[in-house]
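# Geometric and topological summary
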Amino acid sequence: MTNTTNIQYLSMLERFTLFSDFFMHAVFSRNRKAVQLLARIVTGKKDLIVVEWGLEVKKGFPFFRNDRYDLFIIDQYGNVYNIEIENTLQSIGKRAFHNLSVLVAQGLKPGQKHKKLQENWVVFLTRKDFLKQNEPFYNYQWREDRSRQKLKTGGHIRIVNGQYQGKDALGKLMHDFHCTNPDDMFYDELREAVSYFKKEPEGVNTMCEIMREFERKSENKGRRQGRAEGRVEGRAEGRAEGRAEGRTEERETIMRNLYAKGMDCPTIAEVTGQTSAQVEAFFKAR
């Protein structure tokens, strides 16, 4: 890894927050206390104990769509939680409903009665205010249309407002999620977990390796696409065009992936060797 690349990675690392996808994954993958703090606050369950948890957990059924859940938790009572950290509001309702449906469908073993079904929670923690009503969160449950009486399903969908700035526990949590400097965080559990990856040499090296591996996979994908296009042409001109298009596709793939991970345009420009104006124009055109 060159010194220039190291500097780029370190610059990116300084700007990461808990809304940055693979940084969030790294932080919560190794710290039960941080996971438990997050789960307690976003659900309002102060006595919730995390018994099992995992990141990027794959859920689904054969021959149907499988999804990877950002954070999957089981508590001391067997209740199940899926917490998603979101930078986009696209299809939030249908995605939340699909995630909940999969959890519920996998909640009973053969022969078990329906009364054994535990609570299932899907929480989408969104960077922006979903309904723009400045509420801390928005709950969705099943109710009868006229009487408004709740249907007892044990299923919960909650969308948490990442822009909420109240002085309560959730407001402090959202403040910490936006922090780039762990020293500015309210919660010790998050400060400790984030500091490891931002300040401790071992943690910093781990994050640089994650970024390098991510970038390498994106580059390899672009090269494969470029070579395939060159073979189809079957001529030197076609190969040259394929390589050029492959390089363009490679750069665009990296840009899209980094943007999806929560990085801003100036950071993407540093990684891809472009100006911020070029990066902004690329995303604006799409």
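Read on for a plain summary of the structure.

Procedures and definitions
- Residues numbered from 1 in each chain as written.
- Predicted model: local features only at pLDDT ≥ 70, side-chain atom pairs only at ≥ 80, totals over all residues.
- Heavy atoms only, no water.
- Helix = DSSP H or I, 4+ residues; strand = E, 2+ residues; numbered from the N terminus.
- Buried < 20%, exposed > 50% of the residue type's maximum accessible area, 1.4 Å probe, protein only.
- Contact = heavy atoms within 4.5 Å.
- Axes fitted to C-alpha atoms, helices over the stretch in contact; angles between N-to-C directions.
- Left-handed = near helix turned anticlockwise from the far one by under 90°.
- Nonpolar A, V, L, I, M, F, W, Y, C, P; charged D, E, K, R; others polar.
- Patch = residues over 30% accessible without salt bridge, like charges linked within 9 Å, V, L, I, M, F, W, Y side chains within 5 Å.
- Areas by Shrake-Rupley, 256 points an atom, 1.4 Å probe, with all protein chains shown as cover.
- Salt bridge = Lys/Arg side-chain N within 4 Å of Asp/Glu carboxyl O.
- Pairing = 2+ DSSP bridges.
- Right-handed = clockwise from strand over helix to strand, strands pointing away.
- Polar contact = N/O pair within 3.5 Å; in protein donor to acceptor, adjacent residues only side chain to side chain.

Within the secondary structure, A169 sits in helix α5 (residues 169–178). Owing to a relative accessible area of 37%, A169 belongs among the partly exposed residues under this scheme. With 128 residues separating them along the chain, A169 and I41 place their C-alpha atoms 6.7 Å apart. Not counting the four nearest positions on each side in its chain, A169 is found in contact with I41 and Y187.

Running from N to C, helix α2 (residues 21–29) and helix α6 (residues 188–199) point in directions that differ by 120°, and their axes come no closer than 9 Å. In terms of crossing hand, the pair formed by α2 and α6 is right-handed. For the pair α2 and α6, contact is made by F23, A26, V27 and F28 and by L190, A193, V194, F197 and K198, respectively. Taken together, the residues that form the contact of α2 with α6 break down as 8 nonpolar, no polar and 1 charged.

On the surface, F61, F63 and F64 cluster together into a nonpolar patch covering about 430 Å² of accessible area. Accessibility expressed as a relative area gives 86% for F63, which makes it exposed.

The next thing to look at is the pairing of strand β4 (residues 120–126). Remark: a regular strand shows side chains that alternate across the two faces of the sheet. With 7 of 7 residues buried, β4 lies mostly within the body of the structure. Relative to β4, strand β3 (residues 80–86) is paired through 7 bridges, and the arrangement is parallel. Pairing of I83 across the sheet is with V123, part of β4. Handedness of the crossover joining β3 and β4 through helix α4 (residues 92–105): right-handed. Bridging between β4 and strand β6 (residues 155–161) involves 7 bridges; their strand directions are parallel. Pairing of L125 across the sheet is with V160, part of β6.

Here we take up the side chain of D67. Examined against the element boundaries, D67 turns out to sit in strand β2 (residues 67–75). A polar contact of 2.6 Å, which involves the side chain of D67, links it to the side chain of R65. When neighbours within four sequence positions are excluded, D67 is seen to be in contact with V57, K58, K59, H98 and N99.

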